[in-house]
Amino acid sequence: MGRFEVIIYQKQNDIGYVTLNRPQALNAYNLQMRDELYQALGAIKDDPEIKVAIFRGTGERAFCAGADLTEFLTAPSPVIARQVRWKRDVWGLFLSITKPLIAALHGYVLGSGIEIALCCDIRLASEDTQFGLPEVGLGIIPAAGGSQTLPRTIGRAKALEMLLTGRWIEAKEAHQLRLVNQVVPRHDLLPAAERLAKKIKNYNPIAVSCAKQAITRGLDLTLEQGLELEAKLGGCLSPDKHT
Ligand code: COA
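Residues numbered from 1 in each chain as written. Predicted model: local features only at pLDDT ≥ 70, side-chain atom pairs only at ≥ 80, totals over all residues. Heavy atoms only, no water.

Peer 1: Help me get a handle on the nonpolar core, residues and values and all.
Peer 2: With 46 residues, the main nonpolar core has Leu37, Ile44, Phe55, Phe94, Leu105 and Phe131 as its most contacted residues. By residue number, the principal contributor to this core is helix α1 (residues 31–46), which donates 6 residues. Beyond its immediate stretch of four places on either side in the chain, Leu37 contacts Ile7, Val18, Tyr29, Phe55, Val90, Phe94 and Ile116. Core analysis: the next-biggest nonpolar cluster, separate from the first, contains 12 residues, Tyr17, Ile102, Ala104 and Ala192 among them. (Core = buried A, V, L, I, M, F, W, Y, C linked by side-chain atoms within 4.5 Å. Buried < 20%, exposed > 50% of the residue type's maximum accessible area, 1.4 Å probe, protein only. Helix = DSSP H or I, 4+ residues; strand = E, 2+ residues; numbered from the N terminus. Contact = heavy atoms within 4.5 Å.)

Peer 1: An account of the site of the ligand is needed here, citing residue identities and associated values.
Peer 2: Around the ligand lies a shell of 15 residues, among which Arg61, Ala65, Ala67, Asp68 and Leu69 are the nearest. Here an oxygen atom of the ligand and a side-chain polar atom of Arg61 are 2.2 Å apart. Contacts to the ligand include Ala67, whose backbone N or O atom sits 2.9 Å from a nitrogen atom. Protein chains shield 58% of the accessible area of the ligand, which is 860 Å² for the free molecule. Classifying every residue of the shell around the ligand gives 11 nonpolar, 1 polar and 3 charged. (Near = heavy atom within 4 Å. Polar contact = N/O pair within 3.5 Å; in protein donor to acceptor, adjacent residues only side chain to side chain. Areas by Shrake-Rupley, 256 points an atom, 1.4 Å probe, with all protein chains shown as cover. Nonpolar A, V, L, I, M, F, W, Y, C, P; charged D, E, K, R; others polar.)

In structure tokens:
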């Protein structure tokens, strides 16, 4: 794995920690962050010692203030940008990870920041968190899956409202909308994420992975197909498979 500059990747007691680390730019997501995140996600996916991962941001003010607007203005043509994206599909990699991912959110969680959070399975937010999707106001649409992951999380009407109006919401409303699982005081954000991670990492990792897949993959299937998926995943866990 290469050296990281705009993220911090740590491994401690079976937990992977990914920290977005551009506090001077409110952890805005730039190309370098994409490349480093891609490597860290690969490590989380492939390292058998990692049972669960926590995503967070450095600095007091933001988890992530969205795509880096300085790169946005100087970006190559959309066609080239799209080709590069295909070569390094960080979002596809994110969503393909079958280990549980926890987002610990604070401050500004905008654009790509929400999209990173939506690639995680459990989202915790500190009381000061603000969520927003500025993309349409900038003449673009989400490019990291947000137009698909947000409605699957908070439903069609509220996702459309957030995206089309650009209205920001605070932690309390995010909790009411089920965008986040819990709202906690800032000082308890990381400890709360670690309590969840510790609970999960002590379970059988295959059962955890199958449970995650049953829900995340099943949601995109019909009930009948979903039941088949559940039976198939459950079959991998039946005691006779372990003898
Ligand atoms: N890309 C690049 N730099 C960003 C950034 C972004 N998305 N968001 C914030 N920054 C930088 C600012 O340029 C500033 O840098 P500087 O100190 O070198 O001037 C620094 O982070 C602090 O931001 P600032 O705007 O001074 O803080 P604020 O409290 O006045 O406003 C925000 C905070 C989040 C409201 C504001 O920074 C903002 O609107 N950011 C852009 C959000 C956005 O549209 N993201 C793109 C989504 S697609």
